[in-house]
Amino acid sequence: MAAKAATLPVREGEDRWTAAELAGVRAALEEQIAGLEAEITASTTQIAEGDNADGAGDDQADTGAKTYEREHELALTYNSRDLLAQSERAVQRIDAGTYGICESCGKPVGKARLQAFPRATLCVSCKQREERR
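Residues numbered from 1 in each chain as written. Predicted model: local features only at pLDDT ≥ 70, side-chain atom pairs only at ≥ 80, totals over all residues. Heavy atoms only, no water.

An unreviewed UniProt entry annotates the protein as TraR/DksA family transcriptional regulator originating from Actinomadura rugatobispora.

If you want it as structure tokens, here you go:
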């Protein structure tokens, strides 16, 4: 991992990645992946159990509250799945040696940015441009 860490791109003025730093980022991503998988499993189970609940005797307010709660759980599950995919992709990029390369312009994302947000795939300039659209 030391050779791979040393070849990852960094912005001008930043120190090269060390094997320990890269291993730390990878461990944090893998921990997030495990947590998100558990969260998704729990949410999916809760949503499925709610789908099986009999709504007989519910008034409109109960039905509305249950629908709102279900939609909220679905939104959280979709968000967790998106974060899971981003985290898994970051680990794949580490393995492929492309971690830290902006997917838009091909320049370094920046070591400091990746340490703060390890799932980043765009440099700050490209991310700002994307958000303005």
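Caption draft 1: Representation of the overall build of the protein in the model. Along its length, the protein carries five helices and zero strands. Listed N to C, the secondary structure of the protein is α-α-α-α-α in terms of helices and strands. Its C-alpha atoms give the protein a radius of gyration of 20 Å, more than 25% over the compact-globule value 14 Å for 133 residues. With 133 residues in all, the protein has 28% of them scored as buried. Entry remark: accessible area of the protein is about 8,400 Å², with carbon and sulfur atoms responsible for 51%. On the protein, the mean spot of the 17 positive side-chain charges and the mean spot of the 23 negative ones are 14 Å from each other. (Helix = DSSP H or I, 4+ residues; strand = E, 2+ residues; numbered from the N terminus. Rg over C-alpha atoms; globule rule 2.2 N^0.38 Å. Buried < 20%, exposed > 50% of the residue type's maximum accessible area, 1.4 Å probe, protein only. Areas by Shrake-Rupley, 256 points an atom, 1.4 Å probe, with all protein chains shown as cover. Lys, Arg positive; Asp, Glu negative; His and termini not counted. Charge placed at Lys NZ, Arg CZ, Asp CG, Glu CD.)

Caption draft 2: Representation of the packing of aromatic side chains in the model. Tallied over the entire structure, the rule returns one aromatic pair. The ring of Trp 17 carries Lys 111 above its face, with NZ or CZ at 5.7 Å from the centroid. (Phe/Tyr/Trp six-rings, centres within 6.5 Å; stacked < 30°, edge-to-face > 60°. Lys NZ or Arg CZ within 6 Å of the ring centre and 35° of its normal.)

Caption draft 3: Looking closely at the UniProt feature "zinc finger region: dksA C4-type" (unreviewed entry) in the protein. UniProt records the feature "zinc finger region: dksA C4-type" (unreviewed entry) at residues 102–126, using the numbering of this structure. As annotated, residues 102–126 has a helix share of 36% and a strand share of 0%, and its two end C-alpha atoms lie 8 Å apart. (UniProt positions renumbered as here; feature names shortened; annotations may be inferred.)

Caption draft 4: Structural view of the environment of Gln 92. The topology assignment puts Gln 92 in helix H3 (residues 60–96). On a C-alpha basis, the gap between Gln 92 and Gly 24 in space is 15 Å, while along the polypeptide they are 68 residues apart.

Caption draft 5: The pattern of salt bridges, seen in detail. Across all of its chains, the model carries six salt bridges by this definition. Put simply, Arg 89 and Glu 103 hold a salt bridge, and the shortest N to O gap is 2.3 Å. Of this pair, Arg 89 sits in helix H3 while Glu 103 sits in the loop between H3 and helix H4 (111–116); the two residues are 14 residues apart in sequence, bridging distant segments of the chain. You can call Glu 103 partly exposed: its relative accessible area is 38%. Across the pair Glu 130 and Lys 127 runs a salt bridge whose closest N-O atoms are separated by 3.0 Å. Pair noted here: Glu 130 and Lys 127 are both in helix H5 (residues 124–132), with a separation of three residues, about one helical turn. Owing to a relative accessible area of 37%, Glu 130 belongs among the partly exposed residues under this scheme. One salt-bridge network, in which partners are shared between bridges, spans Arg 26, Glu 30 and Asp 95. (Salt bridge = Lys/Arg side-chain N within 4 Å of Asp/Glu carboxyl O.)

Caption draft 6: Structural view of the state of the cysteines. Enumeration over the complete set of coordinates arrives at zero disulfides. Of all cysteine sulfurs, the one in Cys 102 lies closest to Cys 105, which takes part in no disulfide; the gap is 3.7 Å. Left without a disulfide partner, Cys 123 is nearest to the cysteine sulfur of Cys 126, which lies 3.6 Å away. Judged by its relative accessible area of 6%, Cys 123 falls in the buried class. (Disulfide = S-S within 2.5 Å.)

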